[in-house]
Amino acid sequence: MNHFLTIGEQEPEIIEAILDISVYLEETNEPVLKGKNIGFVFEKPSLRTKIGTEVAINQLGGDVVKIEADLLMANGKAVPFTSRESLYDAMMNVSQWCDAVFARVYAHNTLEKMKQYGTIPVVNALCNLHHPMQALADLLTIRQNFGTDKPCNIAFVGDANNVAFSLTEIALMTGNNVTYAGPADYSWNEDKLSYFSLLSVQYGGSFSNTTNPQEAVQHADVVYTDTFVSMGEEHLFEEKIRHFQPYQVNLELFAQAKKSAGFMHCLPAHRGYEVTDDVMDHPNSWVFQQAKNRKVVSKGVFALLLDENIRKNYLKDTSGTPGLPLKS
Ligand code: CP
Ligand code: NVA
């Protein structure tokens, strides 16, 4: 693993390694990032991703360098006088000083360009299509509450967006069952549905798709939702709220899942829209544990990318020494 842009680009063994390293480093806080500078570039607001990851890096002895998004992003193009320099030039500069870049961007393609143009690892802090750091924290949270003995039934009720996509990938790649419920007009396209079917067959879980939220939560061990209106979609507020209103996770819906089911949300939550107070504040709500785990999994990702000893211990090198397979 040389970058971390999506869940689907990783082998399941890498996901397991990240979780193992994360839990280990959360206990020990070994200063494996001492002397490392991580550049933070955020085109959109963030509380959990920015602060949780900054604290994680500090706890491992590393430093965070804040880079104003306007200095780096010109959508991959040089736009003389409206942006200072091309993304290529900016990434080549940042690569001279920083050991990695953690970037939250509007377009996934910007991350691909950053990866191509720079010479340092790029980590996705959320884009329009993926939220892989969230998915790692979600899997860890599910395992801490539900265990690993049997597959978990995860019902995602709400918008088929970045959070739902990365969660579905990680859940299926680790053999779990996912049911998605949302309005037909906002559901997964055929390509995504085929991809999820493929992952189910490959890793032994299952994926199903419905427009009926009640049906989705039957037998669910986890009920998950995300905002109905993502960052950058504010102009769609009225239209989306109208279509998604029947998909609100309220107590009536949550009560139809298993009695032991947990409630999950990546946050920020919009109480009264996608979730009601009584579910957010329910004894089975795991939302703040998820938030805590955002910090924990950041340790595993940056340590695996930047610390030679961690890489050697957890990844098989080219001569085949023990560990996990290293995907280039
Ligand atoms: N869940 C999440 O990514 O939160 P932030 O937008 O606050 O980082
Ligand atoms: N889907 C949301 C997630 C926020 C963490 C968004 O992209 O705004």
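S.K.: Tell me about the environment of Y203, residues and numbers included.
M.R.: Along the chain, the position of Y203 falls in helix 8 (residues 190–203). Its relative accessible area of 27% is what places Y203 among the partly exposed residues. For the pair formed by Y203 and G175, sequence separation is 28 residues and the distance between their alpha carbons is 5.3 Å. At 3.4 Å, the side chain of Y203 and the side chain of Q202 are in polar contact.

S.K.: Help me get a handle on the site of ligand 2, residues and values and all.
M.R.: All residues in the neighbourhood of ligand 2 are listed as L126, N162, V163, D226, T227, S230, M231 and L267. In this structure, N162 approaches ligand 2 through a side-chain N or O atom, which is 2.9 Å from an oxygen atom. D226 is positioned such that a nitrogen or oxygen atom in its side chain is 2.7 Å from a nitrogen atom of ligand 2. Each residue belonging to the shell around ligand 2 can be placed in one class, and the counts come to 4 nonpolar, 3 polar and 1 charged.

S.K.: Residue-level account of the nonpolar core, with values.
M.R.: Core analysis: the largest hydrophobic core is formed by 62 residues, its most contacted members being F4, F102, L136, W188 and F302. Setting aside anything within four residues of it in sequence, one finds W188 in contact with A160, N161, A164, F165, Y180, L193, F196, F207 and N209. Counting residues in hydrophobic clusters, the runner-up holds 24 residues, among them V249, L253, L267 and V275.

The rules we used
- Residues numbered from 1 in each chain as written.
- Chains lettered and ligands numbered in written order.
- Predicted model: local features only at pLDDT ≥ 70, side-chain atom pairs only at ≥ 80, totals over all residues.
- Heavy atoms only, no water.
- Helix = DSSP H or I, 4+ residues; strand = E, 2+ residues; numbered from the N terminus.
- Buried < 20%, exposed > 50% of the residue type's maximum accessible area, 1.4 Å probe, protein only.
- Polar contact = N/O pair within 3.5 Å; in protein donor to acceptor, adjacent residues only side chain to side chain.
- Near = heavy atom within 4 Å.
- Nonpolar A, V, L, I, M, F, W, Y, C, P; charged D, E, K, R; others polar.
- Core = buried A, V, L, I, M, F, W, Y, C linked by side-chain atoms within 4.5 Å.
- Contact = heavy atoms within 4.5 Å.

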